[in-house]
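This is what each chain is made of:
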Amino acid sequence: MNVADSERISALLAEKGLEATDQVEDAHVIILNGCTVREKAVHKALSTLGTLRPLKKRPDGQKPLIGMAGCVAQLEKEKLFKRAPYLDFVVGTDAIDHLPEIVHRVEHGERHVMYADFDRANDYSTDTKIFGYKAQAYVNIMKGCDKYCTYCIVPYTRGKEKSRTIDEVVEDVARLVARGVREITLLGQNVNSFGKGNPNSKLREPQELHNVIGKVGPRAGEENFPQLLRALDSDPRLAELKRIRFTSSHPLDFSDELIECYAPASQGGVAKLAGHLHLPVQSGSNAVLQKMGRHHKIESYIAQMDRLRELNPEVGLSTDLIVGFPTETEEDFQQTLRLLDRVQFDNIYAFAYSPRPGTRAAKMVDDVSNDVKNRRLNELLQYQLKIAEARYASRVGKEMEILVEGEAKNQNLAVGLKTDLRVWTGRTTCNRVVNFMSGGQRELLGKFLNVKIAGATSLSLQGELT
Ligand code: SF4
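The shown structure was predicted, so the numbers you read here are calculated from the model rather than taken from an experiment.

> Just checking my understanding: could you explain the side chain of Asp-146 for this structure?
Residue placement: Asp-146 occurs in the loop between strand S6 (142-143) and helix H6 (154-158). Classification of Asp-146 by relative accessible area gives buried; the value is 10%. In terms of polar contacts, Asp-146 uses its side chain to reach the backbone amide nitrogen of Glu-161, at 3.0 Å. Within the local environment of Asp-146, its side chain forms a polar contact with the side chain of Lys-196, the two groups lying 2.7 Å apart.

As structure tokens, this is what we get:
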């Protein structure tokens, strides 16, 4: 979500006539887009803010305007001005579109400008902004979260759930496709809740905007996420759109109707839907899930994964996990390892629990020591590494289609070769990274290519162009 917001911030400032620079000393405006999902991320944002202070004392008088955006801005608000008086503005998650106006005001001498309120009165409507040429784009379809998992700060930093309409999203994507976008990632804190109470909801009375907030998922008769996928799949204006991804989801709203979208197109599935699902599970223990306020059982999660693999055996699966949540016992942790064995994820994003102030879990006794949290985290990551190695190795010898994302940062594979070969990187439909070599002169960015998989590590595949 923050990557997409940063893209929007860049595009809004470009519309204002500013150019991007990767030299912080050259910048006229510096905006930190900070995340609060873990304690470490907040510390990182605040310490980076501290490193910008000397720029305000430049002897040449070229002082940049400095702003804080994102969840850190939304949560800390005016406290940020107390902490860093040299900070010029704070822009919350719901106020990004006010940035050009905010920068204008600061340029004209205002100090400590703050926009950090949630827009509670209006429906959610926006158009996607992309910065430069892109074959891939993030498209916000809903925002906010009403789930209030006990550990999570997001409902407090992103507000209540609101959704765009199917018509608006399809038109937005049509504009992107006309600009060359071939893969989209539909974004929201909980995309499976898409449609709940949106303006096309036949069930909604005009005054009902606030009442529908808080209910789980769309009701019968309201627009829903599978309908959006099917509309994007079939609209003739989107013929050149090749892949649809989405993130993030909650198992509770991961409906049978959505699972059926993963079937082959010949059996009623959504042809453009990428063969990958990221479905956060957080723990393999029902006792811990209950404490987390997740409202789903591990057995139902496994049943969802089994049905998905039945429909698409090649589907790539990834998840989020937290270790060391209050009360997590060794047996709870072992259940999480057993879940990895059972589901065979391609990838996991695992973290040691850290309490987020203001959440319900922060009031629980944080009774798992840091040593135990770190030991469990390492064990979990090592455990998954072996699973990922085997899953990646099973791809060797196969031919796969990738969307080329650019030259790889790591060019080690090409070192020593007496040619102009460069390492490029792309991604399969099931979200696996494939590195391959090609002549440096060829412009491959944004192209769909077929590669034969020649090797594998636990992180990526090596391919050869076919
Ligand atoms: S569903 Fe996701 S974003 Fe919403 S409260 Fe739970 S963890 Fe946070």
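After that view of the structure, there is still more to cover.
> Honestly, the layout of surface pockets in this entry has me stumped. Any pointers?
Take a probe with the size of a water molecule and roll it over the atoms, and the empty space left behind shows itself. What the second largest pocket holds in volume is close to 550 Å³. If you trace the second largest pocket, you find 22 residues lining it, with Leu-13, Glu-19, Ala-20, Thr-21 and Val-29 closest to the centre. Residue assignment for the lining of the second largest pocket shows that the elements contributing at least two residues are helix H1 (2-15) and strand S1 (29-34). For the lining of the second largest pocket, the element with the most residues is H1, which contributes 6 residues. When the residues that make up the lining of the second largest pocket are grouped by side-chain class, the tally is 12 nonpolar, 6 polar and 4 charged.

> How do you make sense of the pattern of salt bridges when you look at a structure like this?
Once the charged atoms of two side chains with opposite charge are near each other, the side chains can pair. The tally for this structure, following the rule as stated, stands at 36 salt bridges. We note a salt bridge from Glu-168 to Arg-164, for which the minimum N-O separation is 2.8 Å. Comparing Glu-168 with Arg-164, the two get one shared label, buried. A salt bridge links Glu-310 to Arg-307, with the nearest nitrogen and oxygen atoms 2.7 Å apart. Taken together, the positions of Glu-310 and Arg-307, both in helix H12 (residues 298-311) and 3 residues apart, correspond to about one turn of that helix. According to the relative accessible area criterion, Glu-310 is exposed, its value standing at 57%.

> Just checking my understanding: could you explain helix H7 (residues 166-178) for this structure?
The α-helix winds at 3.6 residues per turn, so residues separated by three or four positions along the chain end up facing the same way. Compared with the 18 Å implied by 1.5 Å per residue over 13 residues, the 18 Å span of H7 between its first and last C-alpha is a close match. Of all the residues in H7, the buried ones are Ile-166, Glu-168, Val-169, Val-170, Asp-172, Val-173, Ala-174, Leu-176 and Val-177. Taken together, the buried residues of H7 touch strand S5 (136-140), strand S8 (183-187) and helix H9 (225-234). Remark: Gly-180 follows H7 within two positions and exhibits a positive phi of approximately 110°.

Conventions used here
Residues numbered from 1 in each chain as written. Predicted model: local features only at pLDDT ≥ 70, side-chain atom pairs only at ≥ 80, totals over all residues. Heavy atoms only, no water. Helix = DSSP H or I, 4+ residues; strand = E, 2+ residues; numbered from the N terminus. Buried < 20%, exposed > 50% of the residue type's maximum accessible area, 1.4 Å probe, protein only. Polar contact = N/O pair within 3.5 Å; in protein donor to acceptor, adjacent residues only side chain to side chain. 1 Å grid on protein atoms, 1.4 Å probe; cavity = no way out; pocket = protein on both sides within 12 Å on 5 of 7 lines; lining within 4 Å. Points joined across faces, edges and corners; volume = space filled by probe spheres on them. Nonpolar A, V, L, I, M, F, W, Y, C, P; charged D, E, K, R; others polar. Salt bridge = Lys/Arg side-chain N within 4 Å of Asp/Glu carboxyl O. Expected span 1.5 Å × (residues − 1). Contact = heavy atoms within 4.5 Å.

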